[in-house]
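# A closer look at the structure
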Amino acid sequence: MTAKNRYKSLELETHDVVELEGLEVGVTSSCNFKCDYCCAYNRDDGQCMDAQEVIRIISELPRLKRVRLSGGEVTLKFQDCLEIVTYCAAHGIDTQLNTNASLLTEERIHALRNAGLSNIHISFNYTDAEAYSTYYRVHPRMYERLERNIRLCTEAGLETVLETLLFEGTQSNMLAISEKVYDLGVRIHEIQNSIVMPHSKWSKIASKESLIRSVNELIKHKKDDTTLYFTCMDRFADQLGLHEQPGVYFSNCVDGTKQLHLHGNGDILICELCHPVVIGNIYQGTSLNEIYAKQPPALADFLEKRPCPAYDALFAGE
Ligand SMILES: C[S@@+](CC[C@H](N)C(=O)[O-])C[C@H]1O[C@@H](n2cnc3c(N)ncnc32)[C@H](O)[C@@H]1O
Ligand code: SF4
Ligand code: SF4
């Protein structure tokens, strides 16, 4: 039996109608890490949104199915996260909390579970303390903390997704990472295709050849009780001969069509990861509830062209 994740169901449906069903909320743009690949919008600009404000906004969106708390490192505002999760759980809205796990504790993990968090999503790119500390420029003991917190999440019965960024730093180690994910007790592994970051000029994305090799190897060695989600590959998976099978999903992109990003200053972005274009601001007259009915020009243009930087990066010049 593979574990299917409720939060992800939005990405497994096909979408004809554009509608705001998912909201990513940058509770804070601050972060205690400084990853080279980081896609956070205006990281560390000090913009935050407290729980009462997020809840007010969410309560005005009757069609919302899911909320993702992501920044920045949103656990820097732990109490706000907890209150938002509690509200969403009470109103049938699925939640995901994206974190580097460095600031979690047993008490916090239990509090998130008890608040009804649908799933916790933890970045996991290294299989040993030395490589982790070298890449992230943190003390090697931080890796022990990461491992301990992952185990605490699974032991607490909190649905746990480990996300690995497939990029130059991980592409030759994906099988070992996958085994480590399993050893840590996690049965849901998301492989996020890396996206070029124009704002920082970061471009150490996986090549087409290593992407094909890594995905095929991961599928070949997948254990029966594990689910693999490959993200930002749906536009070209078939073209590369990569296909879904039981427990293997090439998630459908929902960014800009079903999901938008809300920054702490009220800016609404099409997608924080690949299309950080501001299409309005909730404090300057934009209604999130009506945004697809009254499409601002930048959103209409996006919906017409549906650009995908992941596709462009791999197929440029072909
Ligand atoms: C911006 S982080 C915020 C949450 C948390 N601080 C963390 O790092 O997990 C959210 C996710 O974006 C992903 N991400 C960051 N930079 C990326 C890039 N250049 N391409 C693809 N995904 C990226 C990370 O792997 C992470 O899982
Ligand atoms: S931990 Fe997350 S938000 Fe922080 S720098 Fe790394 S990717 Fe960006
Ligand atoms: S449009 Fe952006 S978020 Fe969607 S699959 Fe392409 S790169 Fe990923």
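So, how was this worked out
Residues numbered from 1 in each chain as written. Chains lettered and ligands numbered in written order. Predicted model: local features only at pLDDT ≥ 70, side-chain atom pairs only at ≥ 80, totals over all residues. Pairing = 2+ DSSP bridges. Helix = DSSP H or I, 4+ residues; strand = E, 2+ residues; numbered from the N terminus. Buried ≥ 20, exposed ≤ 12 C-beta atoms within 10 Å, placed from the backbone. Right-handed = clockwise from strand over helix to strand, strands pointing away. Near = placed C-beta within 6 Å. Nonpolar A, V, L, I, M, F, W, Y, C, P; charged D, E, K, R; others polar. Core = buried A, V, L, I, M, F, W, Y, C linked by C-beta atoms within 7 Å. Contact = placed C-beta atoms within 7 Å.

Per an unreviewed UniProt entry, the protein chain goes by the name Radical SAM protein and belongs to Paenibacillus xylanilyticus.

## Remarks on the pairing of strand E11 (residues 275-281)
Pairing geometry for strand E10 (residues 267-271) and E11, over 4 bridges, is antiparallel. Counted as the bridge partner of Ile 268 is Gly 280 from E11. Hairpin remark: E10 followed by E11, antiparallel, with 3 residues in the connecting loop.

## Description of the pairing of strand E2 (residues 66-69)
Where burial is concerned, the two faces of E2 agree: the one with Arg 66 and Arg 68 and the one with Val 67 and Leu 69 are both buried. Inspection of the sheet shows strand E1 (residues 22-25) paired to E2 by 4 bridges, in the parallel sense. What sits directly across from Glu 24, in E2, is Arg 68. As for the winding sense of the linkage, the β-α-β connection from E1 through helix H2 (residues 51-59) to E2 is right-handed. Relative to strand E3 (residues 94-99), E2 runs parallel, the two being bridged by 4 bridges.

## Details of the site of ligand 2
Around ligand 2, the neighbouring residues are Cys 31, Phe 33, Lys 34, Cys 35, Cys 38, Ala 40, Gly 71, Gly 72, Glu 73 and Asn 100. Residues that form the shell around ligand 2 fall into these classes: 5 nonpolar, 3 polar and 2 charged.

## Some points on the nonpolar core
Membership of the largest hydrophobic core comes to 73 residues, with the highest contact counts inside it found for Val 25, Val 27, Val 67, Leu 69, Ile 84, Ile 195 and Phe 230. No other element matches the 5 residues that helix H3 (residues 78-90) contributes to this core. If near-sequence neighbours (up to four positions away) are discounted, Val 67 is found in contact with Leu 23, Val 25, Ile 58, Ile 84, Cys 88, Ile 93 and Thr 95.

## Points about the site of ligand 3
By nearness alone, every residue bordering ligand 3 is listed as Ile 195, Cys 232, Cys 253, Asp 255, Cys 271, Leu 273, Cys 274, Cys 308, Pro 309 and Ala 310. When the residues that make up the shell around ligand 3 are grouped by side-chain class, the tally is 9 nonpolar, no polar and 1 charged.

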